[in-house]
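Topology and contacts: notes
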4 protein chains.
Amino acid sequence: MSKLRVAVLGAKGRIGSEAVRAVEAADDLELVAALGRGDKLETLTESGAQVAVELTTPDSVMANLEFCVGHGIHTVVGTTGWTDERLAQLNGWLSASPETGVLIAPNFSIGAVLNMKFAQIAAPYFESVEVIELHHPKKVDAPSGTATRTAQLIASARAEAGAAQAPDATETALDGARGADVDGIPVHSVRLRGLLAHQEVLLGGEGETLTIRHDSLHHSSFMPGILLGARRVVSTPGLTFGLEHFLDLN
Amino acid sequence: MSKLRVAVLGAKGRIGSEAVRAVEAADDLELVAALGRGDKLETLTESGAQVAVELTTPDSVMANLEFCVGHGIHTVVGTTGWTDERLAQLNGWLSASPETGVLIAPNFSIGAVLNMKFAQIAAPYFESVEVIELHHPKKVDAPSGTATRTAQLIASARAEAGAAQAPDATETALDGARGADVDGIPVHSVRLRGLLAHQEVLLGGEGETLTIRHDSLHHSSFMPGILLGARRVVSTPGLTFGLEHFLDLN
Amino acid sequence: MSKLRVAVLGAKGRIGSEAVRAVEAADDLELVAALGRGDKLETLTESGAQVAVELTTPDSVMANLEFCVGHGIHTVVGTTGWTDERLAQLNGWLSASPETGVLIAPNFSIGAVLNMKFAQIAAPYFESVEVIELHHPKKVDAPSGTATRTAQLIASARAEAGAAQAPDATETALDGARGADVDGIPVHSVRLRGLLAHQEVLLGGEGETLTIRHDSLHHSSFMPGILLGARRVVSTPGLTFGLEHFLDLN
Amino acid sequence: MSKLRVAVLGAKGRIGSEAVRAVEAADDLELVAALGRGDKLETLTESGAQVAVELTTPDSVMANLEFCVGHGIHTVVGTTGWTDERLAQLNGWLSASPETGVLIAPNFSIGAVLNMKFAQIAAPYFESVEVIELHHPKKVDAPSGTATRTAQLIASARAEAGAAQAPDATETALDGARGADVDGIPVHSVRLRGLLAHQEVLLGGEGETLTIRHDSLHHSSFMPGILLGARRVVSTPGLTFGLEHFLDLN
């Protein structure tokens, strides 16, 4: 079986250099180019890359995508900073190259993506849902972006299903005891030396609870999701937003 | 909105009596009959029951189902002891009454069902999967039936996806340390005073883990699933096996 | 070996009736009296009780203790509502009966007592400590009394040891995200259908975390502590406040 | 306040180099020497070291200790391989230098030490105790040495207190389901990609459970224990075996 020809853009960065190693280590992938800042995009076409993994910066990503899509190179994008305007521009390029696929994923950790997805699926079936996120003490925001997003997805899944508000008889509470309120879902933020990034979704119904917990211990956790993206984007024309669409959820 | 007319068979049993209370407490359901051993099945038709909840014994279930299906009463079945022969007989009755629905569920706990389903969905995306089940010390079998079933579902999901065997460098081990082997999935059984029924599925990949845990604290946990079954079986003709088919998993 | 002769006061109450059963079930204890409201205290002396288990109400406890201590009957007290004034009065009676022992315990759950004690011991050795308490949604206060008390004990152990404040770089936070502040220790309160009473103390240091979790599933969890109290109070003259003093912590 | 003068032996090793940094970063300690293989021990006396941190190999440790103890330099020892013979020899040197202190610790992680100690304290008060240890899949032995040691300490604490065997009604079990038997305590070993080193002690009694969990995420977790050892060994003459003796457990 011939290997899938993969290029990495942003190959000198922390995530990019790990992606280079991960592609090299995969039996079914061949690393054909590893571009850093200033390297010429033509290398992509000369090397015959079928898929590009885009891990640069918001400054560079649009030019890179214009080149890739314009040359029919499928692209997996980890770079952030997506606005409606940028998405519209990208969709324009894609409509001119209808067989090319682009995957943009805010999070390549399969565990994080499944944690969110499972929370969303389960949320309408339980009376109560709360989120606890636990991070290292150098984090500057609380709750984490992932926890806020998870709570929003939970809230909207419950609203859509017509789920009632969670029961809560609290009459007297210390300020903050019941957590932050994100669209009606309580979110609690723990900051503890020794931790990295962890999230727990607790769901409770009559006589039972279901807990879904994700522990992230290293940014190498992005690699399996990036490789999975590379393998699937080649047969998924158009724009896909979110790794969950590449996972079989049935 | 008119209420759904529900009858309970086996209404004097531990689960049945709880089902009676749960139906009575639900705003959209009306309890029209509660039959114990020896009560006449004609009560079902006389009371105008649209759905029957069957919580009797393997001895009674077939006669009850023949009556219900024959009279177009949709049925939710918690009674166990299903063989291929019995299923064939039930399917025969159903083909003669094609608009009637029957749901048979080995487990009505939504948490348990989602725990298994999520384990199955996630299993192919991680390198390692193990199951820990924890129960009260009066339990006579180890692993629990649910844990064995979960491990089998995990193993078959991994096989189907072509997932490699989980890495394990163990060279010297005390007997039993690495758990029981269920189709290649290690299953560990804890027996502890103070516990009831708990199960944890641990999934591990590069730099991250995902844990799905179900805690069952009371058999009242079956009620939301039974009610959900009653509400959905009326619009699901034919035989459905497993509550998971009545949950929206996307 | 002769059995220890035990009486229960408040024997008709929820906890009292369970204490009656627990004493009867213990090989080394003999239930010699079980008094309800209105029963005469003389039964205690007539039955030759060596230990009384006091599980009545704040209205009755002082009269009961005066009688017991006055007659040299050791007493284990679960009744609440202790003020400095009441303690002074009790100590007066005890000084007139120097061989009699009284144990007053705000919590007879050995798990809860050890959870608090271990938190207190460990707290000075870690940079960060937070408390999460999780309860059923009918609870009216947040945080729970036990969590507040635990956080206070942690804070005072850290202050005594000269421990620095826990690191926390949070710059922007949603209201409540970082929990309630109890003497500088963040406490998070989860309210979830399906739960009973649970508490987790999280301690974090460089490269490691220690978590101590107590799950209380039934008030029968008080029985082992009550029996242990009864066995030990007979050889512990004077007033002891808190079950932890009867546990060997070394 | 004058700083405590500390030397590190084995300063080029993985743990040693981290110890060098940790000593330098501590306000109350001064790094006065950092010796690698072949460096002269006289540096210790010339630099005026009050405490030596010994992190070399079983080959070098005895000569280093003879020198240190002979010159009244207190020593904190992380090097392993201690036999009764070696301990006797060390005790001989110490009796000739009665004011010098030596701490030998098989584990400098405060979390691991407290996990073991708390398990040992709590074990007699619960009916059931089991141990789950979870490690990365490259580990060659199961259970881990720490889990085996923990189970042994638990078993001996229970034996000493006359605790009964844990209840277990298991009649039919798959091979290995109930874990390994270490002195009567079930120990379960999980091997999962994404994990490092984790251990959970589960204790269960009537109506409640207590769980003590240690998560080790990096060998930097040894540093607080090494520094604590250095600070305390100077005022603890003679041989101390185990970091737990330097922790205040009351």
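Residues numbered from 1 in each chain as written. Chains lettered and ligands numbered in written order. Predicted model: local features only at pLDDT ≥ 70, side-chain atom pairs only at ≥ 80, totals over all residues. Heavy atoms only, no water.

Observations regarding the side chain of A:Thr240
Residues and elements named next belong to chain A. Assignment of secondary structure puts Thr 240 in strand β13 (residues 238-241). A relative accessible area of 9% places Thr 240 in the buried class. Not counting the four nearest positions on each side in its chain, Thr 240 is found in contact with Val 102, Leu 103, Ile 104, His 245 and Phe 246. (Helix = DSSP H or I, 4+ residues; strand = E, 2+ residues; numbered from the N terminus. Buried < 20%, exposed > 50% of the residue type's maximum accessible area, 1.4 Å probe, protein only. Contact = heavy atoms within 4.5 Å.)

Some words on the relation of the copies chain B and chain D
Taken as rigid bodies, chain B and chain D are interconverted by a rotation of 180° and an axial shift of 0.0 Å, the fit giving an RMSD of 0.1 Å. What the rotation and shift describe, once combined, is the action of a two-fold rotation axis. Taking the C-alpha atom as reference, chain B places B:Gly176 closest to the rotation axis, 1.8 Å from it. Here 100% of the interface residues in chain B have copies in chain D that are interface residues too; the copies meet face to matching face. (Least-squares fit on C-alpha atoms with pLDDT ≥ 70 in both.)

Here we look at the UniProt feature "domain: Dihydrodipicolinate reductase C-terminal" (unreviewed entry) in chain A
Residues annotated in UniProt with the feature "domain: Dihydrodipicolinate reductase C-terminal" (unreviewed entry) correspond here to residues 111-247 of chain A. Secondary structure content for residues 111-247 of chain A is 29% helix and 32% strand, and the end C-alpha separation is 11 Å. (UniProt positions renumbered as here; feature names shortened; annotations may be inferred.)

Description of the interface of chain B and chain D
With 46 residues of chain B at the contact, the number on the chain D side is 46 residues. For the chain B and chain D pair, buried surface summed over both sides reaches about 3200 Å², with 62% attributable to carbon and sulfur atoms. In terms of surface lost to chain D, no three residues of chain B exceed B:Val140, B:Leu192 and B:Arg193, which account for 19% of the buried area on that side. Elements with a minimum of two residues in the side of chain B that touches chain D: β6 (128-135), β7 (141-142), β8 (172-173), β9 (180-182), β10 (185-191), β11 (197-205) and β12 (208-216) of chain B. Broken down by class, the residue content of the side of chain B that touches chain D amounts to 20 nonpolar, twelve polar and 14 charged. Of the strand pairs in this sheet, β7(B) and strand β8 (residues 172-173) of chain D are connected by two bridges, and their pairing is parallel. Paired with B:Asp141 across the two strands is D:Thr172, which belongs to β8(D). (Buried area = accessible area lost by both parts, 1.4 Å probe. Nonpolar A, V, L, I, M, F, W, Y, C, P; charged D, E, K, R; others polar. Pairing = 2+ DSSP bridges.)

Regarding the interface of chain C and chain D
With 35 residues of chain C at the contact, the number on the chain D side is 35 residues. When the two sides are added together, the surface that chain C and chain D hide from each other amounts to roughly 2800 Å², 58% of it contributed by carbon and sulfur. Of all residues in chain C, C:Phe118, C:Tyr125 and C:Glu208 bury the most surface against chain D, accounting for 24% of the area lost on that side. Inspection of the region where chain C meets chain D yields zero salt bridges. Looking at the side of chain C that touches chain D, the elements that each hand over two or more residues are α5 (110-122), β12 (208-216) and α7 (223-233) of chain C. Summarising the sheet, β12(C) and strand β12 (residues 208-216) of chain D pair through nine bridges and their orientation is antiparallel. Bridging from a neighbouring strand, C:His214 pairs with D:Leu210 of β12(D). (Salt bridge = Lys/Arg side-chain N within 4 Å of Asp/Glu carboxyl O.)

Overview of empty space enclosed by the protein
Counting across every chain of the model gives one cavity of 30 Å³ or more. Each pocket or cavity is described by its volume, and for the largest cavity that value is around 1100 Å³. Its residues placed into classes, the lining of the largest cavity shows 24 nonpolar, twelve polar and twelve charged. (1 Å grid on protein atoms, 1.4 Å probe; cavity = no way out; pocket = protein on both sides within 12 Å on 5 of 7 lines; lining within 4 Å. Points joined across faces, edges and corners; volume = space filled by probe spheres on them.)

Quick notes on the packing of aromatic side chains
The final tally for this structure, using the stated rule, is two aromatic pairs over all chains. For the pair A:Phe118 and B:Phe118, a centre-to-centre distance of 4.1 Å together with 10° between the ring planes defines the contact as stacked. Of this pair, A:Phe118 sits in helix α5 (residues 110-122) while B:Phe118 is found in helix α5 (residues 110-122), placing the two residues in two different chains. (Phe/Tyr/Trp six-rings, centres within 6.5 Å; stacked < 30°, edge-to-face > 60°.)

Considering the pattern of salt bridges
Summed over all chains, the structure comprises 40 salt bridges over all chains. Between B:Arg213 and B:Glu200 there is a salt bridge, with its nearest N and O atoms 2.7 Å apart. Residue B:Arg213 is found in strand β12, and its partner B:Glu200 is found in strand β11; the two are separated by 13 residues along the sequence. When its relative accessible area of 23% is taken as the criterion, B:Arg213 is described as partly exposed. A relative accessible area of 15% means that B:Glu200 is categorised as buried. For D:Glu133, the salt bridge goes to D:Arg191, with nearest N and O atoms at 2.8 Å. Note that D:Glu133 is positioned in strand β6 (residues 128-135) and D:Arg191 in strand β10 (residues 185-191), a separation of 58 residues in sequence. Overall, the relative accessible area of 1% leaves D:Arg191 in the buried class. Connected through salt bridges with shared partners, the residues A:Glu130, A:Asp168 and A:Arg178 form a single ionic network.

Let's talk about the relation of the copies chain C and chain D
Superposing chain C onto chain D takes a rotation of 180° combined with a translation of 0.0 Å along the rotation axis, leaving an RMSD of 0.0 Å. By residue overlap, the copies meet face to face through one surface: 100% of the interface positions of chain C are interface positions in chain D.

Here's the deal with helix α1 (residues 14-25) of chain B
Residue and element names in this part refer to chain B. With twelve residues, α1 should cover 16 Å at 1.5 Å per step; its first-to-last C-alpha distance of 17 Å lies within 8% of that length. Looking only at α1, the buried set comprises Ile 15, Gly 16, Glu 18, Ala 19, Val 20, Ala 22 and Val 23. Looking at the buried positions of α1, the neighbouring elements they touch are β1 (4-9), β2 (29-35) and α7 (223-233). (Expected span 1.5 Å × (residues − 1).)

Observations regarding the UniProt feature "binding site: (S)-2,3,4,5-tetrahydrodipicolinate" (unreviewed entry) in chain A
All names here are of chain A. Mapped onto this numbering, the UniProt entry gives "binding site: (S)-2,3,4,5-tetrahydrodipicolinate" (unreviewed entry) at His 136, Gly 145 and Thr 146. Tracing the sequence through the fold places His 136 in the loop between β6 (128-135) and β7 (141-142). Aside from chain neighbours lying at most four places away, what touches His 136 is Arg 191, Leu 192, Leu 195 and Leu 196. With respect to the helices and strands, the residue Thr 146 is situated in helix α6 (residues 145-161). Ignoring anything within four residues of it in the chain, the contact list for Thr 146 reads Asn 107, Met 116 and Gln 199.

Thoughts on the packing of α5(B) against helix α6 (residues 145-161) of chain B
Residue and element names in this part refer to chain B. In contact at an axis separation of 8 Å, α5 and α6 are set at 25° when each is read in the N-to-C sense. Relative to α6, α5 is oriented roughly parallel. Relative to α6, α5 is oriented so that their crossing is right-handed. Across the interface between the two elements, Met 116, Ala 119 and Gln 120 from α5 touch Thr 146, Arg 149, Thr 150, Leu 153, Ile 154 and Ala 157 from α6. Of the residues assigned to the contact of α5 with α6, the class counts are five nonpolar, three polar and one charged. (Axes fitted to C-alpha atoms, helices over the stretch in contact; angles between N-to-C directions. Parallel < 35°, antiparallel > 145°, perpendicular 65-115°, else oblique. Left-handed = near helix turned anticlockwise from the far one by under 90°.)

Brief notes about the sheet that holds β6(D)
Reading across the sheet, the ten strands line up as β9(C)-β10(C)-β6(C)-β11(C)-β12(C)-β12(D)-β11(D)-β6(D)-β10(D)-β9(D) and stay open at both edges, with mixed pairing between neighbours. Taken across any chain shown, the strands that pair with only one partner, and hence form the sheet edges, are β9 (180-182) of chain C together with β9 (180-182) of chain D. For this sheet, the mean inter-axis angle between neighbouring strands, taken without regard to orientation, is 20°. Lying over the sheet, helix α6 (residues 145-161) of chain C contacts β6 (128-135), β9, β10 (185-191) and β11 (197-205) of chain C, oriented at roughly 165° with respect to β10(C). Set on the sheet, helix α6 (residues 145-160) of chain D makes contact with β6, β9, β10 and β11 (197-205) of chain D; between it and β10(D) the angle comes to about 165°.

Examining the packing of helix α3 (residues 58-70) of chain D against helix α4 (residues 84-95) of chain D
Residues and elements named next belong to chain D. In contact at an axis separation of 9 Å, α3 and α4 are set at 15° when each is read in the N-to-C sense. Taken together, the axis directions place α3 and α4 in an arrangement best described as roughly parallel. Between α3 and α4 lies a crossing of right-handed hand. Facing α3, whose interface residues are Pro 58, Val 61, Met 62, Leu 65, Glu 66 and Val 69, α4 presents Arg 86, Gln 89, Leu 90, Trp 93 and Leu 94. Split into classes, the residues belonging to the contact of α3 with α4 amount to eight nonpolar, one polar and two charged.

Some words on the pairing of strand β4 (residues 74-77) of chain D
On a regular strand, one side chain projects to one face of the sheet and the next to the other, so that they alternate. Residue and element names in this part refer to chain D. Here β4 shows a buried face lined by His 74 and Val 76 and a second buried face lined by Thr 75 and Val 77. Note: strand β3 (residues 51-54) against β4, four bridges, orientation parallel. Bridging from a neighbouring strand, Ala 52 pairs with Thr 75 of β4. After leaving β3, the chain enters α3 and then returns to the sheet as β4, a path that is right-handed. Where β4 lies against strand β5 (residues 101-104), three bridges are found, and the strand directions are parallel. Directly across from Val 76, in β5, lies its bridge partner Leu 103. (Right-handed = clockwise from strand over helix to strand, strands pointing away.)

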